[in-house]
Amino acid sequence: MSMLPTFGFTQEQVACVCEVLQQGGNIERLGRFLWSLPACEHLHKNESVLKAKAVVAFHRGNFRELYKILESHQFSPHNHPKLQQLWLKAHYVEAEKLRGRPLGAVGKYRVRRKFPLPRSIWDGEETSYCFKEKSRSVLREWYTHNPYPSPREKRELAEATGLTTTQVSNWFKNRRQRDRAAEAKERENNENSNTNSHNPLTSSMNGNKTILGSSDDDKTPSGTPDHTSSSPALLLTSNSGLQSLHGLAPPPGPSAIPVPSADSVHHHHSLHDTILNPMSSNLVDLGS
Amino acid sequence: FFRKKTLGTIYIYIYIYIYKVYISNLYIWLYVCMYMTCHHMRACVCVTAEYHAPTSPPTPGKEQEVAPVRRSSDGKLRGRKRANDPVPPLDSDIERVFIWDLDETIIIFHSLLTGTFSTRFGKDSGKAVSLGLWMEEMIFNLADSRLFFNDLEECDQVHIDDVASDDNGQDLSTYNFGTDGFQSPAGGGTLCLASGVHGGVDWMRKLAFRYRRVKEIYNTYKNNVGGLLGSPKREEWLQLRREMEVLTDLWLTQALKALALINSRPNCVNVMVTTTQLIPALSKVLLYGLGGAFPIENIYSATKTGKESCFERVTQRFGRRAVYVVVGDGVEEETVAKKKNMPFWRVTCRADLEALSHALELDYL
């Protein structure tokens, strides 16, 4: 045994040993083996070696190291499940330590949202669906042609997808509902971005000038409330365009305000009206 | 009158008492007997000619003769012996299974004949071929003369125990295999189809007898091949082996080292899955002195069903808990290993075997 330290195992042999020890659950020996490997960079970039290092880091509770390894290198798909489990488990454990008690399903969900899987160990495909991808694609295909299948068509779909008719009906009902909600949200977003396209131009002009002096009343950007305390919540619910304008802190200018907000009221959605109207009325009050 | 009666009952009590003591003594005696026989057998195993076990822990890892009996009865004998004996591990206790390929991994044979060995390693090709031919002759000679290869060539099995269910267990010490009518057309000798349909119960039984006899021969002579060959073949064989080791730079010795290391551990086993037919494979194993490393129950022939199905059998046998390491040189075993997610140790040259031994010594595998 006094012969050679690491004895020049080939990369393939190193990978084999890593695999064997991992499968056998001999993490201690695995750690020892990894430690004994020569500091050859090419060797340490080998996927099996990295996987082994990740497993060892996890077992030692060395989560920083684990995250670093998992994010640093693009792993091949057949290793993804195991590495994803390591990532998630590590985050759960950390969250549990912070919380002081075990994590329930909701807690874990929040952890997953907070620390999404890095693309190096995840192909981006959502895996948390109830129905198989095949079934879902069939249903989606059908939906684009006709969102209102007849009972007979539902039966046919059920057969084609291997689900029950109730499941198919529910899927369509939910899909229509969500599409409607998404559409509404979509429109609101569009309209918000319309106002933003006007405002950023004026605000950029003002940005230069408000620095110099506060006497430029006329150039106050439209729709911007100058004091925050009355309507912070409203500000926050409206889109980011308005928020950025708020940051410029234009001087109080009673004269300039009412007209542009009246303008914007005409263009916008009713939701927006309810936000702007109280705001403008507040400002008008101020002005007077 | 009263006295007689009580006396009688007293006598009866005494008899009963003595009887009980006698029975329990008998029991103890039987127990001790079995203990002694097993112990004796184990002592035999330790003395090996070809196969040198390294300085192993007090528990000899290899229990050749005893193990098969134990495993097949699966616990019947174990129960009694638990108190005193270190019991050999059941198949389900095994943690590492090394699945070896035979040709060109452990032994160098075919590549001698084709010349690939001599080309690759720069050896005298004429010598290589002549040694190859010599070995081939010995292999098939042994297979034909002692292992019923003539009879069994058409009825190849995957595993030595595959036809054991047709056996009736009768004593074979006086049985005459030559005249039992196995080969005659009337005996249904040609009805051995690949699909598993065989001719007649009678013929099946004779087939089973042959496999049983092969098993017996293997177990008797695996550490004493010279005895099986007898003089002058024995001397020829020894010389052939010597020359082969010289030509192959001690390839086989290196392989035996790794095999021995594995066998010395109670929780590891060696299994062989080869593409040679079973009988010639056994012949090769004996002639290359591997009998001590592989119990006959651990040898599988993949000619009929392919390696994947053999691997499947092995995993069924040892369970999911064990880690399987495939050691081989060929594409077939590599593909199957990858498919079944088993780590693969490639052997293309002697250094690979050395590395394997090293990894085992350093407790990395």
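Residues numbered from 1 in each chain as written. Chains lettered and ligands numbered in written order. Predicted model: local features only at pLDDT ≥ 70, side-chain atom pairs only at ≥ 80, totals over all residues. Heavy atoms only, no water.

For chain B, the name recorded in an unreviewed UniProt entry is Eyes absent homolog, with Cyprinus carpio carpio as its organism.

Looking at an unreviewed UniProt entry, one finds chain A named Sine oculis homeobox homolog 1a, with Cyprinus carpio as its source organism. In its Sequence similarities (unreviewed entry) section, the UniProt entry covering chain A states "Belongs to the SIX/Sine oculis homeobox family." Under the Subcellular location (unreviewed entry) heading, UniProt states for chain A: "Nucleus". (UniProt positions renumbered as here; feature names shortened; annotations may be inferred.)

**Q** Is there a simple way to think about the nonpolar core in this case?
**A** Generally speaking, soluble globular proteins have nonpolar side chains that are buried together. Counting 116 residues, the largest nonpolar core has Leu66 of chain A together with Trp100, Ile106, Leu282, Leu290, Phe294 and Trp345 of chain B as the members making the most contacts within it. Per-element accounting of this core gives the leading share, 9 residues, to helix H8 (residues 201-221) of chain B. Every residue in contact with tryptophan 345 of chain B, bar those within four places of it in the chain, is listed here: Phe9, Gln13, Cys16 and Val17 of chain A together with Val326, Val327, Gly328, Asp352, Ala355, Leu356, Ala359 and Leu365 of chain B. Residues Ile99, Ala302, Ala322 and Ala337 of chain B belong to the second largest nonpolar core, which totals 20 residues. (Core = buried A, V, L, I, M, F, W, Y, C linked by side-chain atoms within 4.5 Å. Buried < 20%, exposed > 50% of the residue type's maximum accessible area, 1.4 Å probe, protein only. Helix = DSSP H or I, 4+ residues; strand = E, 2+ residues; numbered from the N terminus. Contact = heavy atoms within 4.5 Å.)

**Q** Even after reading the chapter, I still don't get helix H11 (residues 251-263) of chain B, so can you show me in this structure?
**A** An α-helical turn contains 3.6 residues, so a residue and the one three or four places further along point in the same direction. Residue and element names in this part refer to chain B. Look at H11: 19 Å from first C-alpha to last across 13 residues, which is about the 18 Å you get at 1.5 Å a residue. Most of H11 is tucked away: 11 of the 13 residues are buried. Turning to H11, its buried residues number three or more, namely Trp251, Leu252, Gln254, Ala255, Leu256, Ala258, Leu259, Ala260, Leu261, Ile262 and Asn263. (Expected span 1.5 Å × (residues − 1).)

**Q** Would you mind showing me how to read the UniProt feature "active site" (unreviewed entry) in chain B here?
**A** All names here are of chain B. Summarizing the sequence annotation, UniProt attributes the feature "active site" (unreviewed entry) to Asp101 and Asp103 in the numbering used throughout. Summarising the element assignment, aspartate 101 is placed in the loop between strand S1 (96-100) and helix H4 (110-114). For aspartate 101, a relative accessible area of 6% corresponds to the buried category. Looking at aspartate 101, its side chain comes within polar contact range of the side chain of threonine 105, at 3.1 Å. As for its position among the elements, aspartate 103 is in the loop between S1 and H4. Contact partners of aspartate 103, with chain neighbours within four places excluded, come to Phe109, Thr274, Thr276, Lys284 and Asp329. One polar contact links aspartate 103 to threonine 276, side chain to side chain, over a distance of 3.0 Å. (Polar contact = N/O pair within 3.5 Å; in protein donor to acceptor, adjacent residues only side chain to side chain.)

**Q** Before we go on, may I ask you to explain the sheet that holds strand S4 (residues 323-328) of chain B in this structure?
**A** Hydrogen bonds along the backbone pair up the strands of a sheet, which may run parallel or antiparallel. Residues and elements named next belong to chain B. Strands sit in the order S3-S2-S1-S4-S5 across an open sheet of 5 strands; the sheet is parallel. Looking at which strands have only one partner, the edges of the open sheet turn out to be strand S3 (299-301) and strand S5 (344-346). Within this sheet the neighbouring strands show an average axis-to-axis angle of 20°, counted without direction. Against the sheet, helix H15 (residues 350-361) makes contact with S1, S4 and S5, and its axis sits at roughly 135° relative to S5, the strand it touches most. (Pairing = 2+ DSSP bridges. Axes fitted to C-alpha atoms, helices over the stretch in contact; angles between N-to-C directions.)

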